[in-house]
Structures are given as C-alpha cells and as structure tokens.
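Each chain, letter by letter, is given below.
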Amino acid sequence: MNVTGDTSVPAAMRNEYAADLGLSEADLAADWYTQFDRWFADAVAAGLPEPNAMIVGTADAAGRPSGRTVLLKGYDPEGFVFYTNHGSRKGAEALANPYASLVFPWFPMQRQVVVAGRVEQVDRAETEAYFASRPRGSQLGAWASIQSRVIPDRAALDEAYRAAAERFADVAQIPAPPHWGGFRVRPESVEFWQGRAGRLHDRLRFRRTDAGEWTTERLAP
C-alpha cells in the first residue's frame, strides 16, 4: 500500500491497494467461522500489532451510537466475546439495547471484517474462568475503576487502585467483580472485505436469513 498526496490534508491522501489481491466466492470458506479463523490466523502470522483489537459499536436505548476499541478475548461458532464493566458506556448500552457491531481493521493486510449481531451476557462461570487468567494488576484495575464515570483526577484513580491492592493483599485469587463480565456478539452478518485497486474492493458477506439459514452474497464496494 503506497500513501501519496499531501498527508496534511485528509482529502488529498491516497492509499492505492494492490491490484493482485482479491477475494472470490471460490476462495470463501463454507461458513463465517472458518473464514474468520483463517483470516485471524493470517493477521497473527503477519505480526500485526494486537490483531485481536476490534472496534465495538453499540447504541443506547434511544439509538444514540458510540464506538471504541476493545480486545477480542475469544471466538467460536457461537460468536465473539469481550469483557467489560457492566456499568461502562458499552456495557450499559449492550444491556439496554442488545445489538452491536464489530470491526476488525487489519489495514496492513488491506482487509477488514465487519460483524453485526445480537449481544448476550456470558455466563458467570465463563466470566470467572477468564478473570482468573488475567494478570493480577488487571484484576485489581477491574475493582478500582468505575469505568466511564467522571472522576476528579488521576490521583483518585491511583488511590482507588491502592485501596483495591490493600483489600486483596492477602487473597491469592482475586474474585471477579459482580459488576464485571463478558458479552458475546452472536453474528447475524459477517462481512469479509479485501481491498482492491481503483477502490473496487471485494466484499463478501455471510448473512443469516429470517429462516435461520446462512447465505452468502457479494456487496458492491
């Protein structure tokens, strides 16, 4: 990918994608999970920084959207899992309006994956098992942070962390906070996007029909 034009002016910037890359229907796996697994493995093998980073889009009960980058913590044929404080903006929105979109922006590979689907809470046993695998510092952070809430300054956060560290000083395994847990996005559509020259990108999408079956379709770029 070559960047040309005046890089101080967004409209003048041009990224020309490779002409010899593409994604055809013949290349596509039989199901979205297998295709994602292939591309995720490619992203890992390519050495992309945090290939599990994804943009999570949610909306509140009134439909006002918000987005942020979150790390994917697991995926299987049932969907994609991430963890957060349920009182955070994304957590509260996922509970109030249980639909979300995910975007995996693998720009160096001229690829992205776009997911849309229904959100459900991960069961408590799964949440606790994952929490137990986290570094102790991250566990303490989950107790210390009232995520997405306004706080007076950095010192208040640091003090909350110190208080959590003191509280659990003699506890070998810190428990998962009751207000913290996992969400699974169950896909209703998964689009695989491959950059092509002249902005004629390949977009192939798996979509669940009203009958509950999966179909594949090509979208115009």
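Caption draft 1: Structural detail: the side chain of R68. Its location among the elements puts R68 in strand β4 (residues 65-71). In this structure the side chain of R68 is engaged in a polar contact, spanning 2.6 Å, whose partner is the side chain of S66. Setting aside chain neighbours within four positions, we find R68 in contact with M54, I55, V56, G57, T58, R89, K90 and E93.

Caption draft 2: Local environment of helix α2 (residues 89-96). The set of residues buried in α2 consists of K90, G91, E93 and A94. For α2, the buried positions fall inside an angular range of 170° around the axis, keeping them on one side. At its buried positions, α2 is contacted by β3 (53-59), β4, β6 (79-85), β8 (111-121) and β9 (180-194).

Caption draft 3: Quick peek at the nonpolar core. Counting residues in each nonpolar core, the largest one holds 29 residues, and the members touching the most others are F36, F104, W106, V113 and F192. Once residues within four sequence positions are removed from consideration, F104 is found in contact with F36, P51, N52, A53, M54, L72, F80, R111, Q112, V113 and V115. Ranked by size, the runner-up nonpolar core spans 14 residues in total, among them F131, A142, W143 and A164.

Caption draft 4: Just helix α3 (residues 124-133), in detail. Listing the buried residues of α3 in full gives T127, Y130 and F131. Axial view of α3: buried residues confined to an arc of 100°, hence all on one face. What points out from α3, more than 90 degrees from its buried face, is the exposed set A125, A129 and S133. On the buried face of α3, the contacting elements are β6, α4 (136-144) and β9. Its side-chain oxygen at 3.2 Å from the backbone nitrogen of A125, D123 defines the N-terminal cap of α3.

Caption draft 5: Up close: unusual backbone geometry. Positive phi outside glycine occurs at Q110, with the angle close to 60°. Locating Q110 in the fold gives a position in the loop between β7 (99-106) and β8. Given a relative accessible area of 6%, Q110 falls into the buried group. In this model, S148 sits at a positive phi of 75°, which is unusual for a non-glycine residue. One can find S148 in the loop between α4 and α5 (154-167).

Caption draft 6: Looking closely at the side chain of T84. Its place among the elements puts T84 in strand β6. T84 sits in the buried class, given a relative accessible area of 2%. Look past the residues within four positions of T84 in its chain and what remains in contact with it is K90, G91, Q147, H179, W180, G181 and F183.

Caption draft 7: Up close: the packing of α4 against α5. Where α4 meets α5, the axes come as close as 8 Å, and the angle between the chain directions of the two elements is 115°. By crossing handedness, the relation of α4 to α5 is classed as right-handed. For the pair formed by α4 and α5, the contact residues are G137, L140, G141, W143 and A144 on the first element and L157, A160, Y161, A164, A165 and R167 on the second. Taken together, the residues that form the contact of α4 with α5 break down as eight nonpolar, two polar and one charged.

Caption draft 8: Structural view of the pairing of β7. For β3 and β7, the ladder comprises three bridges, and the chain directions are antiparallel. Across the sheet, residue G57 finds its bridge partner in β7, namely S101. Pairing analysis gives eight bridges linking β7 to β8, with the strands arranged antiparallel. Looking at the pairing, V103 lines up with V114 of β8. Counting the residues in the hairpin turn of β7 and β8 gives four residues, including Q110, whose phi is positive at 60°.

Caption draft 9: Fine view of the packing of aromatic side chains. Under the defined criterion, the tally for this structure stands at 21 aromatic pairs. Judged by centre distance (5.9 Å) and plane angle (35°), the ring pair of F36 and W106 falls under tilted. Taken together, the positions of F36 in helix α1 (residues 32-45) and W106 in strand β7 put the pair 70 residues apart, joining distant regions of the chain. Judged on exposure class, the residue F36 and its partner W106 are both buried. On the basis of an interplanar angle of 70° and a centroid distance of 5.1 Å, the ring pair of F131 and W180 is categorised as edge-to-face. Placement of F131 in helix α3 and of W180 in strand β9 is noted, with a sequence separation of 49 residues between them. Overall, the relative accessible area of 1% leaves F131 in the buried class. Of the aromatic side chains, those joined through ring pairs into one cluster are W32, Y33, F36, F40, Y75, F80, F104 and W106. Here the basic side chain of R167 rests over the ring of W143, its NZ or CZ set 4.5 Å away from the ring centre.

Reading guide: rules and limits
- Residues numbered from 1 in each chain as written.
- Predicted model: local features only at pLDDT ≥ 70, side-chain atom pairs only at ≥ 80, totals over all residues.
- Heavy atoms only, no water.
- Helix = DSSP H or I, 4+ residues; strand = E, 2+ residues; numbered from the N terminus.
- Polar contact = N/O pair within 3.5 Å; in protein donor to acceptor, adjacent residues only side chain to side chain.
- Contact = heavy atoms within 4.5 Å.
- Buried < 20%, exposed > 50% of the residue type's maximum accessible area, 1.4 Å probe, protein only.
- Arc of directions from axis to C-beta.
- Core = buried A, V, L, I, M, F, W, Y, C linked by side-chain atoms within 4.5 Å.
- Axes fitted to C-alpha atoms, helices over the stretch in contact; angles between N-to-C directions.
- Left-handed = near helix turned anticlockwise from the far one by under 90°.
- Nonpolar A, V, L, I, M, F, W, Y, C, P; charged D, E, K, R; others polar.
- Pairing = 2+ DSSP bridges.
- Phe/Tyr/Trp six-rings, centres within 6.5 Å; stacked < 30°, edge-to-face > 60°.
- Lys NZ or Arg CZ within 6 Å of the ring centre and 35° of its normal.

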